[in-house]
Amino acid sequence: MPFPLPQGSHTLIVAGIPQHLHVAGTGPCCIVHSGGPGIDSGYLRMPLLEPHLTMVYLDPIGTGASGRLPTHPMGYLVDRFADQLVALLDAMAVHRPYLLGHSHGAFVVLEAALRRPDAVAGLLLYAGAASTGGGFMAAAAARIDDFVRRHRDTPDAESVRAAWNGLPAIRSDAAYTATLRGLLPAYFSNPARSAEVLAALRRRLHATFLVGDSAPFDVRDRLATLTTPTLVMAGRDDFILGPEFADRLTEHLPDARQVLFEQSGHFAHLEEPEAFAKAVLDFVASTRGDYRSESQG
């Protein structure tokens, strides 16, 4: 069935808010929700998937060319983002798309799938988690300390330390953008190896200051009911949402498989693009009944 929107950029009114999206590619539909919260879809383009999947890249509400809530910058809860995504599924009337969410976007697509499991062909949770309670931020801070020690006396260490210490003071889009740009080296497995990719990402990254809910994300007690096929993906060296979070998601979900990217941090689609695309396409093929493993030739 052809996708209901042509290739290119579109803005729909969804749940009363202008929802901007970009359509690229051909094949089964995969709706992509970026992270943050407060980051538009620009960093999450996946050109290696577009020859095989119709990729629908969303600017989450409050970011990019999408509209803002009347309460902006307040009110951007995971539940509100999930409301928007569910309403978009209804508005587009796409038959059982795949949902791919990165980081905070993985929380959003997971919540949307929990509400509408029959509407989704498969779920791709990329750098996601079942819960961010307990010592989530303390563990991230310890990994930042480790990054600074390993890169001491370098500009990367200085920018990461200053950005991490500045997080509590963010009150504007400009400050949020500058802070995330400063933190970027810590999100990569090897900043020197990925220097060109990191520099390009730093130039194009723009963030919107959004305020959600201070309560930790936690859906562990609901995951046993979600039988939707799920691919859990994480970078081995992701300092914020790494393998331990992928393990817990995989353990709690009835039909989940996991892929770890051994030379990636938080941005496997940029650090190991070919391996990332293969993992996604193998998963999609397996859920469509036309999967052939390497052992089958």
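Everything that follows concerns the structure shown earlier in this document.
What this report covers is the structure whose coordinates are included nearby. (Residues numbered from 1 in each chain as written. Predicted model: local features only at pLDDT ≥ 70, side-chain atom pairs only at ≥ 80, totals over all residues. Heavy atoms only, no water.)

What to know about the overall build of the protein chain
Applied cut-off: Strands are runs of DSSP state E lasting at least two residues, helices are runs of H or I lasting at least four, and both sets are numbered from the N terminus onward. The reference for a compact globule is 2.2 Å times residues^0.38; the radius of gyration itself is calculated from the C-alpha atoms. Here's how the labels work: a residue is buried when its accessible area is under 20% of the maximum for its type, exposed when over 50%, partly exposed in between, all with a 1.4 Å probe on protein chains only. The contact criterion used throughout is that any non-hydrogen atoms of two residues lie within 4.5 Å. Residues counted as positive are Lys and Arg, residues counted as negative are Asp and Glu, and His and the chain ends are not counted. Every charge is mapped to an atom, namely NZ of Lys, CZ of Arg, CG of Asp or CD of Glu.
What the protein chain contains, in helices and strands, is nine helices and eight strands. In terms of C-alpha radius of gyration, the protein chain reaches 18 Å, essentially the compact-globule figure of 19 Å for 297 residues. Taken along its principal axes, the extent of the C-alpha atoms in the protein chain is 55 × 50 × 40 Å. Here the protein chain holds 297 residues, and 53% of them are scored as buried. Of the contacts formed within the protein chain by residues at least 6 apart in sequence, a portion of 71% connects residues at least 24 apart. Charge centroids of the protein chain, computed over 25 positive and 31 negative side chains, lie 2 Å from each other.

Some thoughts on the packing of helix H4 (residues 155-166) against helix H5 (residues 173-183)
Applicable threshold: To define axes, lines are fitted to C-alpha atoms, for helices over the stretch in contact only, and angles between the resulting N-to-C directions are given on a 0 to 180 degree scale. The labels follow the angle: roughly parallel below 35 degrees, roughly antiparallel above 145, roughly perpendicular from 65 to 115, and oblique for the rest. Crossings are sorted by hand: turned counterclockwise from the far helix by less than a right angle, the near helix makes the crossing left-handed, and turned clockwise it makes it right-handed. In this classification, Asp, Glu, Lys and Arg are treated as charged, Ala, Val, Leu, Ile, Met, Phe, Trp, Tyr, Cys and Pro as nonpolar, and every other residue, Gly included, as polar.
Where H4 contacts H5, the two axes come as close as 7 Å, and the packing angle between them is 140°. By the angle between their axes, H4 is oblique relative to H5. Classified by chirality, the crossing of H5 by H4 is left-handed. Contacts from Ser159, Val160, Ala163 and Trp164 in H4 reach Thr179, Gly182 and Leu183 in H5. Residues belonging to the contact of H4 with H5 are distributed by class as follows: four nonpolar, three polar and no charged.

Describing helix H1 (residues 78-92)
Defined as follows: By this rule, a helix spans an expected 1.5 Å times one less than how many residues it contains.
Between the first and last C-alpha of H1 there are 21 Å, a value that for 15 residues agrees with the 21 Å anticipated at 1.5 Å per step. Buried within H1 we find Val78, Arg80, Phe81, Ala82, Gln84, Leu85, Val86, Leu88, Leu89 and Met92. Looking at the packing, one finds that the buried side of H1 touches strand S1 (8-14), strand S2 (17-25), strand S3 (29-33), strand S4 (54-58), strand S5 (98-102) and helix H2 (104-115). Just downstream of H1, Ala93 is the residue with a positive phi angle, here 55°.

Describing the side chain of His269
For the record, the criterion: Whenever two N or O atoms come within 3.5 Å, that pair is a polar contact, provided that in protein one can donate a hydrogen and the other can accept it, and provided that, for residues adjacent in sequence, both atoms are side-chain atoms.
The topology assignment puts His269 in helix H8 (residues 268-271). Only 2.8 Å separates the side chain of His269 from the side chain of Tyr126, close enough to count as a polar contact. Not counting chain neighbours up to four residues away, the residues in contact with His269 comprise Tyr43, Leu44, Arg45, Met46, Tyr126 and Phe276.

What to know about the environment of Asp255
Here Asp255 is to be found in the loop between helix H7 (243-252) and strand S8 (256-261). The sequence separation of Asp255 and Ala224 amounts to 31 residues, and the corresponding C-alpha distance is 9.4 Å. Asp255 has contacts with Thr227, Thr228, Pro229 and Thr230, leaving out every residue within four places of it along the chain.

Things to note about the nonpolar core
Applied cut-off: Within this scheme, the nonpolar core is defined by two criteria: the residues are buried Ala, Val, Leu, Ile, Met, Phe, Trp, Tyr or Cys, and they are joined through side-chain atoms within 4.5 Å.
One finds Ile31, Leu110, Leu124, Tyr126 and Phe267 to be the most contacted residues of the largest nonpolar core, which totals 99 residues. Counting residues per element, this core draws most heavily on H2, at eight residues. Once you skip the residues sitting within four places of it in the chain, Phe267 turns out to touch Tyr43, His102, Tyr126, Leu184, Tyr187, Phe188 and Leu201.

Points about the packing of aromatic side chains
Quick reminder of the rule: The pairing test for Phe, Tyr and Trp rings, Trp by its six-membered ring, is centres within 6.5 Å, and the orientation test on the planes gives stacked under 30 degrees, edge-to-face over 60, and tilted for anything in between.
Counted under the stated rule, the structure contains 11 aromatic pairs. Considering the side-chain rings of Tyr76 and Phe81, the 5.9 Å spacing of their centres and the 35° angle between planes classify their relative orientation as tilted. Accessibility assignment for this pair places Tyr76 and Phe81 in one class, buried. With a centroid separation of 6.4 Å and an interplanar angle of 75°, the aromatic rings of Tyr98 and Phe283 are classed as edge-to-face.

Focus: the pattern of salt bridges
The following threshold applies: Salt bridges are defined by distance alone: a side-chain nitrogen of Lys or Arg within 4 Å of a carboxyl oxygen of Asp or Glu.
Summed over all chains, the structure comprises 14 salt bridges. Residue Asp90 pairs with Arg116 through a salt bridge whose shortest N-O separation is 2.9 Å. Of this pair, Asp90 sits in helix H1 while Arg116 sits in the loop between H2 and strand S6 (122-126); the two residues are 26 residues apart in sequence, bridging distant segments of the chain. With relative accessibility at 29%, the residue Arg116 sits in the partly exposed group. If you follow the salt bridges from partner to partner, you end up with Asp79, Asp83, Glu111, Arg115 and Arg222 in one network.

What about the packing of helix H3 (residues 136-150) against H4?
Where H3 contacts H4, the axes come no closer than 9 Å and their chain directions differ by 155°. Judged by the angle between their axes, H3 and H4 are roughly antiparallel. Judged by the twist between their axes, the crossing of H3 over H4 is left-handed. Residues Met137, Ala140, Ala141, Ile144, Asp145, Phe147 and Val148 of H3 touch H4, and the partners they reach there are Asp156, Ala157, Val160, Arg161 and Trp164.

Re unusual backbone geometry
The linkage connecting Gly36 with the following residue, Pro37, adopts the cis geometry, with an omega of 0°. Relative to the assigned elements, Pro37 resides in the loop between S3 and S4. In this structure, the amide linkage connecting His72 to the following residue, Pro73, adopts the cis form with an omega of 5°. For Pro73, the position within the fold is in the loop between S4 and H1. Positive phi is not limited to glycine here, since Ala15 has a value of about 50°. When you line up the elements, Ala15 lands in the loop between S1 and S2.

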